[in-house]
Amino acid sequence: MKAPIHIIGGGLAGCEAAWQVARGGAHVVLHEMRPTRMTPAHSGDGLAELVCSNSFRSDDAENNAVGLLHEEMRRADSLIMRGADAHKLPAGGALAVDREGFSAAVQAALESNPNIEIRREEVSGLPPDDWQSVIIATGPLTSPALAHALCALTGEDALAFFDAIAPIVHRESIDFDIAWMQSRYDKKGPGGGDADYINCPMDKELYAAFVAAIRAAETAEFHEWEKDTPYFEGCLPIEVMAARGLDTLRFGPMKPVGLSDPKTGKRPYAVVQLRQDNALGTLWNMVGFQTKLKHGDQIRIFRMIPGLQNAQFARLGGIHRNTFLNSPLLLDAQLRLKARPSLRFAGQITGVEGYVESAAIGLLAGRFAAAERMDGAFSPPPDTTALGALLAHITRGADAKTFQPMNINFGLFPEMQTDVRGRDRKKLQSQRALADLDHWLGAARIAAE
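Residues numbered from 1 in each chain as written. Predicted model: local features only at pLDDT ≥ 70, side-chain atom pairs only at ≥ 80, totals over all residues. Heavy atoms only, no water.

1. With respect to the packing of helix 2 (residues 65–75) against helix 11 (residues 386–397)
Item 1. Put simply, helix 2 and helix 11 touch, their axes get as near as 8 Å, and they point 110° apart. Between helix 2 and helix 11, the crossing angle belongs to the class labelled roughly perpendicular. Of the residues in helix 11, those in contact with Ala65, Leu68, Leu69, Glu72 and Met73 of helix 2 are Ala386, Leu387 and Leu390.
Item 2. Taken together, the residues that form the contact of helix 2 with helix 11 break down as seven nonpolar, no polar and one charged. (Axes fitted to C-alpha atoms, helices over the stretch in contact; angles between N-to-C directions. Helix = DSSP H or I, 4+ residues; strand = E, 2+ residues; numbered from the N terminus. Parallel < 35°, antiparallel > 145°, perpendicular 65-115°, else oblique. Contact = heavy atoms within 4.5 Å. Nonpolar A, V, L, I, M, F, W, Y, C, P; charged D, E, K, R; others polar.)

2. What about the side chain of Thr384?
Item 1. For Thr384, the position within the fold is in the loop between helix 10 (355–373) and helix 11.
Item 2. Given a relative accessible area of 14%, Thr384 falls into the buried group.
Item 3. One polar contact links Thr384 to Asp436, side chain to side chain, over a distance of 2.5 Å.
Item 4. Thr384 has contacts with Phe413, Pro414, Arg432, Ala433 and Asp436, leaving out every residue within four places of it along the chain. (Buried < 20%, exposed > 50% of the residue type's maximum accessible area, 1.4 Å probe, protein only. Polar contact = N/O pair within 3.5 Å; in protein donor to acceptor, adjacent residues only side chain to side chain.)

3. Description of the packing of aromatic side chains
Item 1. Scanning the entire structure with this criterion turns up 10 aromatic pairs.
Item 2. Measuring from centroid to centroid gives 5.8 Å for Phe56 and Tyr355, while their planes differ by 50°, and the two rings are tilted. In this pair, Phe56 sits in strand 3 (residues 55–58) while Tyr355 sits in helix 10, placing the two residues 299 residues apart along the sequence.
Item 3. With a relative accessible area of 14%, Tyr355 lands in the buried category.
Item 4. Each ring, one from Phe324 and one from Phe403, has its centre 6.1 Å from the other, and the planes form 70°; the classification is edge-to-face. Here the residue Phe324 occupies a position in strand 15 (residues 318–324), and Phe403 occupies one in the loop between helix 11 and helix 12 (422–448), the gap between them amounting to 79 residues.
Item 5. Every member of this aromatic cluster is reached through a ring pair, and the members are Phe210, Phe289, Phe302 and Phe313.
Item 6. Cation over ring: Arg250 sits above Tyr269, and NZ or CZ is 4.0 Å from the ring centre. (Phe/Tyr/Trp six-rings, centres within 6.5 Å; stacked < 30°, edge-to-face > 60°. Lys NZ or Arg CZ within 6 Å of the ring centre and 35° of its normal.)

4. Some words on the environment of Leu68
Item 1. With respect to the helices and strands, Leu68 occurs in helix 2.
Item 2. Residue Leu68 is classed as buried on the basis of its relative accessible area of 0%.

5. Observations regarding the nonpolar core
If you look at soluble globular proteins, the nonpolar side chains tend to sit buried side by side.
Item 1. The biggest cluster of nonpolar side chains holds 91 residues, and the ones touching the most others in it are Phe56, Phe102 and Leu110.
Item 2. If you tally residues by element for this core, the top one is helix 10, at 11 residues.
Item 3. Counting 33 residues, the second-largest nonpolar core is a separate cluster that includes Leu249, Val272, Met286 and Phe313. (Core = buried A, V, L, I, M, F, W, Y, C linked by side-chain atoms within 4.5 Å.)

6. What about the pairing of strand 2 (residues 28–32)?
Item 1. In terms of burial, strand 2 is a largely internal element, five of the five residues being buried.
Item 2. Neither face of strand 2 is left uncovered, since the one carrying Val28, Leu30 and Glu32 and the one carrying Val29 and His31 both have all their residues buried.
Item 3. In the sheet, strand 1 (residues 5–8) pairs with strand 2 via four bridges, with the strands oriented parallel. Within strand 2, the residue paired with His6 across the bridge is Val29.
Item 4. Regarding the hand of the β-α-β motif, the stretch spanning strand 1, helix 1 (residues 12–23) and strand 2 is right-handed.
Item 5. Pairing of strand 2 with strand 6 (residues 116–120) involves five bridges; the strand directions are parallel. By the bridge assignment, Val29 is partnered in strand 6 with Glu117. (Pairing = 2+ DSSP bridges. Right-handed = clockwise from strand over helix to strand, strands pointing away.)

7. Focus on the environment of Ile178
Item 1. Tracing the chain through its elements places Ile178 in the loop between strand 9 (168–170) and strand 10 (180–181).
Item 2. For Ile178, a relative accessible area of 27% puts it in the partly exposed group.
Item 3. With 128 residues separating them in the primary sequence, Ile178 and Pro306 have C-alpha atoms 6.5 Å apart.
Item 4. Apart from residues no more than four positions distant in its own chain, Ile178 is found in contact with Pro201, Lys263, Pro306, Gly307 and Gln309.

8. Topic: the sheet that holds strand 3
Item 1. Strand order in the open sheet formed by three strands is 3-5-4, with antiparallel pairing between adjacent strands. Each having just a single partner strand, strand 3 and strand 4 (88–89) make up the two edges of the open sheet.
Item 2. Where strand 3 meets strand 5 (residues 94–97), two bridges bridge the pair, whose relative direction is antiparallel. Considered in strand 5, the bridge of Ser58 is made with Ala94.

9. A word on the environment of Ala435
Item 1. Within the fold, Ala435 resides in helix 12.
Item 2. The exposure class of Ala435 is partly exposed, given its relative accessible area of 48%.

10. As for helix 3 (residues 79–86)
Item 1. All buried positions along helix 3 are accounted for by Leu79, Ile80, Met81, Gly83 and Ala84.
Item 2. Measuring from the backbone nitrogen of Ile80 back to the side-chain oxygen at the start of helix 3 gives 3.3 Å, which picks out Ser78 as the cap.

11. Some thoughts on unusual backbone geometry
Glycine aside, the phi torsion of most residues is negative, and most peptide linkages are trans.
Item 1. With an omega dihedral of 5°, the bond running from Arg34 to Pro35 counts as a cis peptide bond.
Item 2. Along the chain, the position of Pro35 falls in the loop between strand 2 and strand 3.
Item 3. The phi dihedral of Tyr185 is positive, around 60°, even though this residue is not glycine.
Item 4. Classification of Tyr185 as exposed rests on a relative accessible area of 60%.
Item 5. The phi angle at Asp375 is positive, at roughly 60°, despite the residue not being glycine.
Item 6. For Asp375, a relative accessible area of 65% gives the class exposed.

Structure, rendered in structure tokens:
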């Protein structure tokens, strides 16, 4: 029997990579350090635990790049998408999942696969030289020992930013004499609902007082090793947004567009939205309200929000560090470390941002590694696909001098030779992507036979 492929990290990327390696016929040893060693962000030892939002964002494959990525991954037999679809919750046009059900389903699938061995142990530092093929998917909280070893190996400092956690509210404590259920623009989601968010309105005077309270509040102290770490622009804490200007929040997570207060029939000045966080519908998270405010200030300020004046919090906000590689400089087109090609990388450590993007890179790393182990050929997906566009960006498309984490978006796709603009253009891009993906998957199947 050929030597196994070792995967370090049991998050979304590591689990997806393990699944793809196993389905490719190779054997896997998946190393997960929890519960032997916990992280500041995880609450348990389940594989594929969601530590921040429970949303995989838009599921619209025709008009949204992340929705297109969902569909491409489904067609590529993604374990993460299989688990998400099986445990989805109502969330308007988004794909939100029940955290515990999702994690349990992913873990059960891996545990029952005869090609996969799960070891609960920490791999500190670089893997042993006799591990011929390794995928490192250690995620946003890569251990200091491994991070330092990678820096020593590559000669490049790892970059880091803060990933933020939003508060979660008990639904029974929300005042529905004030709040109402509605999805933005009444858009139907994967579950068919068009009223999947709880909306809490603010008038102009209260909004100004709310922003002033955030600006005046105290934030928790960072650890010494976190103090010089820059934030990721796509996941800013509310206090950072509030400091940038009075209207920043109102044009960000508190934007009222597409919503109408049924009590007035008018669009409110600003809105706080909450999204369902568990299958029972008892917990709801505050969308876009990641924060490092001190807990006492969080409770006081968030209870200023109409409808949340008596809110009971299942979890308050927090922020943790995320570490990632300068991938355009350090990785090749198959996610191998140029300085040591036996090491591949997957997930957030490669410089992608988001659950689905992390799992997508895990999918590709697993397929690359399996084909290499089984002496098969496996070409990268076309750049015209969401999978290919994301891979191309982190391995060769981004500027290494200014590289920062990136979500999937249509700006990463090759231009289309058409005068069509707007939503119709996105539809054409999506149609091209899925046609090219199907051709690529078909060619991969033929090559494997």
